[in-house]
Amino acid sequence: MIVVMKQGATAAQIEHMIQRVEALGLKAHPIYGTEQTVIAAIGEKRDEHRQSLESGAGVSEVVPILAPYKVASLEVKPEPTVVSAGSLVVGNSHVGMIAGPCSVESEEQTVSTAKSVKASGATAIRGGAFKPRTSPYSFQGLKEDGLKILATAKKETGLAIVTEVISENDVKLVAKYADVLQIGARNMQNYRLLEEVGGEGLPVLLKRGPAASIDELLLAAEYILNAGNPNVMLCDRGIRTFETHTRFSLTLASVPYLHERSHLPVIVDPSHGTGHTSLVPRMAAAAIAAGADGLVIEVHPDPETAMSDGYQSLNFQQFEETMILCRKVANALDLKIGATSN
Ligand code: PEP
Ligand code: MN
């Protein structure tokens, strides 16, 4: 339930309503907008006290929330959330470009990729040091050595680091190096991990699970937001369907749909979303046309020899061409894309 304060409600009236919400055993989450202040009342009994709250001084109305998510919703915060992490700016007409290898494999591979994608206009370097692999026999990542390589790439290029954390035991370690903590698709519903990254204070890139509905994605975001971290980026990377020609089915309609429901920025990953290098450039451009606030694209100096996901990675030239295509779409829509946004 959301307590919408009147325009011009006094600070004392707002504070009084926060205290009333809390006295009812609910958690009050005030959001101070430019026009109006609203107080999200979070708790099991949330719709019970609607009438009594509505009688409060300075209250415009109390809106029951039918959707199961609250803090992520547009009712709670109508203005789009902009997430900034060093060189990366995402949301409200800023299109962030996150590019880099699936896995950090070596210093040479990661640093050369960072330099190349930066020259093409990327605003963040991605790369997994902890890899969640389907098979325990596949490359699991270089772990802390990989994080150190990412730190070198950042030192050389100034690009913010986006990297995955797969266990709550590693959050502190990964946070020492990362600018953005990535929660992978397989962990979207690992709620203890979500709470842990929520408490860490770094922006979070939350990937949609391959079998997760949009409500489930937003509820997962809600765990992070409720832990006190407002800097959440939603990421659609495709879901599993009966289609076998693409690795996943990239549901681009989720982008405008999420924007109709949530203030959180939406990122699209056309690499995992298609699973084929040749499909990435067009789907990257299509994602921007659909309103994506950023892209995550896998780039490798030599995709043929990549230790993971080479079949969907772009080489440097292909990434450069993809950026040119994406810029055309972004310019047509008056968006600030990649490094040109700074
Ligand atoms: C990745 O970004 O390399 C990755 C493992 O992605 P996802 O979690 O979307 O499968
Ligand atoms: Mn990958």
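The coordinates are above.
Summarised in this report is the structure supplied together with it.

Calculation notes
- Residues numbered from 1 in each chain as written.
- Chains lettered and ligands numbered in written order.
- Predicted model: local features only at pLDDT ≥ 70, side-chain atom pairs only at ≥ 80, totals over all residues.
- Heavy atoms only, no water.
- Near = heavy atom within 4 Å.
- Polar contact = N/O pair within 3.5 Å; in protein donor to acceptor, adjacent residues only side chain to side chain.
- Areas by Shrake-Rupley, 256 points an atom, 1.4 Å probe, with all protein chains shown as cover.
- Phe/Tyr/Trp six-rings, centres within 6.5 Å; stacked < 30°, edge-to-face > 60°.
- Helix = DSSP H or I, 4+ residues; strand = E, 2+ residues; numbered from the N terminus.
- Buried < 20%, exposed > 50% of the residue type's maximum accessible area, 1.4 Å probe, protein only.
- Lys NZ or Arg CZ within 6 Å of the ring centre and 35° of its normal.
- Core = buried A, V, L, I, M, F, W, Y, C linked by side-chain atoms within 4.5 Å.
- Contact = heavy atoms within 4.5 Å.
- Donors = N, O, S within 2.8 Å, 3.2 Å for Na, K, Ca; no water.
- Expected span 1.5 Å × (residues − 1).
- Salt bridge = Lys/Arg side-chain N within 4 Å of Asp/Glu carboxyl O.
- Pairing = 2+ DSSP bridges.
- Right-handed = clockwise from strand over helix to strand, strands pointing away.

**A word on the site of ligand 1**
Logical step 1: Around ligand 1, the surrounding shell consists of Cys102, Arg126, Lys131, Glu164, Gln182, Gly184, Ala185, Arg186, Lys207, Arg237, His272 and Glu298.
Logical step 2: Interatomic distance of 3.0 Å between a side-chain N/O atom of Gln182 and an oxygen atom of ligand 1.
Logical step 3: The protein chains hide 97% of the 290 Å² of surface that ligand 1 would expose on its own.

**Details of the packing of aromatic side chains**
Logical step 1: A full pass over the atoms with the stated rule returns 1 aromatic pair.
Logical step 2: Seen in terms of ring centroids, Tyr191 and Tyr223 are 4.4 Å apart; in terms of plane orientation they differ by 20°. Their pairing is stacked. With a gap of 32 residues between them, Tyr191 in helix α6 (residues 191–198) and Tyr223 in helix α7 (residues 214–226) connect regions that are remote in the sequence.
Logical step 3: With relative accessibility at 31%, the residue Tyr223 sits in the partly exposed group.
Logical step 4: Against the face of Phe248 rests Arg237, its NZ or CZ located 4.1 Å from the ring centre.

**Quick notes on the nonpolar core**
If you look at soluble globular proteins, the nonpolar side chains tend to sit buried side by side.
Logical step 1: Judged by nonpolar contacts, the single largest core of 68 residues is most densely connected at Val197, Leu206, Leu234, Leu295, Ile297 and Phe319.
Logical step 2: Looking at this core element by element, the count peaks at 7 residues for α7.
Logical step 3: When near neighbours in sequence (up to four residues on either side) are disregarded, Phe319 contacts Ala99, Val117, Ser120, Ala122, Ile297, Val299 and Leu314.

**Re the coordination of the manganese ion (ligand 2)**
Logical step 1: The manganese ion (ligand 2) binds to the protein through Cys102 (SG), His272 (NE2), Glu298 (OE) and Asp309 (OD); the donor distances cover 2.0 to 2.4 Å.
Logical step 2: Mapped onto the sequence, the residues coordinating the manganese ion (ligand 2) show the spacing C-x169-H-x25-E-x10-D. One end of the pair, His272, is in helix α9 (residues 270–274); the other, Asp309, is in the loop between β14 (294–298) and α11 (316–332), and 37 residues separate them in sequence.
Logical step 3: A relative accessible area of 9% means that His272 is categorised as buried.
Logical step 4: Residue classification places Asp309 among the buried residues on the basis of a relative accessible area of 9%.

**Section: helix α1 (residues 11–23)**
Logical step 1: Given a rise of 1.5 Å per residue, 13 residues ought to cover 18 Å, and the 18 Å separating the end C-alpha atoms of α1 matches this to within 8%.
Logical step 2: Those residues of α1 that are buried lie in contact with β1 (2–5), β2 (27–32), β3 (37–42), α2 (50–54) and β4 (59–63).
Logical step 3: Two residues or fewer after α1 comes Gly25, characterised by a positive phi angle close to 85°.

**Quick look at the pattern of salt bridges**
If charged atoms from side chains of opposite charge come close, those side chains can pair.
Logical step 1: Using the criterion set out here, one finds 10 salt bridges in the structure.
Logical step 2: Salt-bridge contacts for Arg192 lead to Glu195; the nearest nitrogen and oxygen are separated by 3.0 Å. Of this pair, Arg192 and Glu195 both sit in helix α6, 3 residues apart, roughly one helical turn.
Logical step 3: By relative accessible area, which is 35% here, Glu195 ends up partly exposed.
Logical step 4: Across the pair Asp269 and Lys207 runs a salt bridge, and its minimum N-O distance is 2.7 Å. Taken together, the residues Asp269 in the loop between β13 (266–268) and α9 and Lys207 in strand β11 (residues 204–207) connect sequence positions 62 residues apart.

**Considerations on the pairing of strand β12 (residues 232–236)**
Logical step 1: Extensive coverage of β12 is indicated by the burial of 5 of its 5 residues.
Logical step 2: Residues Val232, Leu234 and Asp236 point to one face of β12 and Met233 and Cys235 to the other, with burial holding for every one of them.
Logical step 3: Judged from the 4 bridges that link them, β11 and β12 form a sheet pairing that is parallel. Along β12, the bridge assignment pairs Val204 with Val232.
Logical step 4: Between β11 and its parallel partner β12, the chain crosses via α7, and the hand of that crossover is right-handed.
Logical step 5: One ladder, built from 3 bridges, connects β12 with β13; its direction is parallel. From the neighbouring strand, Leu234 faces β13, where its bridge partner is Val266.

**Re the environment of Lys143**
Logical step 1: Tracing the backbone shows Lys143 in the loop between β8 (124–126) and α4 (144–157).
Logical step 2: Look at Lys143 and you get partly exposed, because its relative accessible area is 39%.
Logical step 3: Separated by 22 residues in sequence, Lys143 and Val165 have C-alpha atoms that sit 9.9 Å apart.
Logical step 4: In this view, Lys143 contacts Ala129 and Phe130; residues no more than four positions away in its chain are not counted.

Remember, this is a structural readout, not a statement about activity or role.
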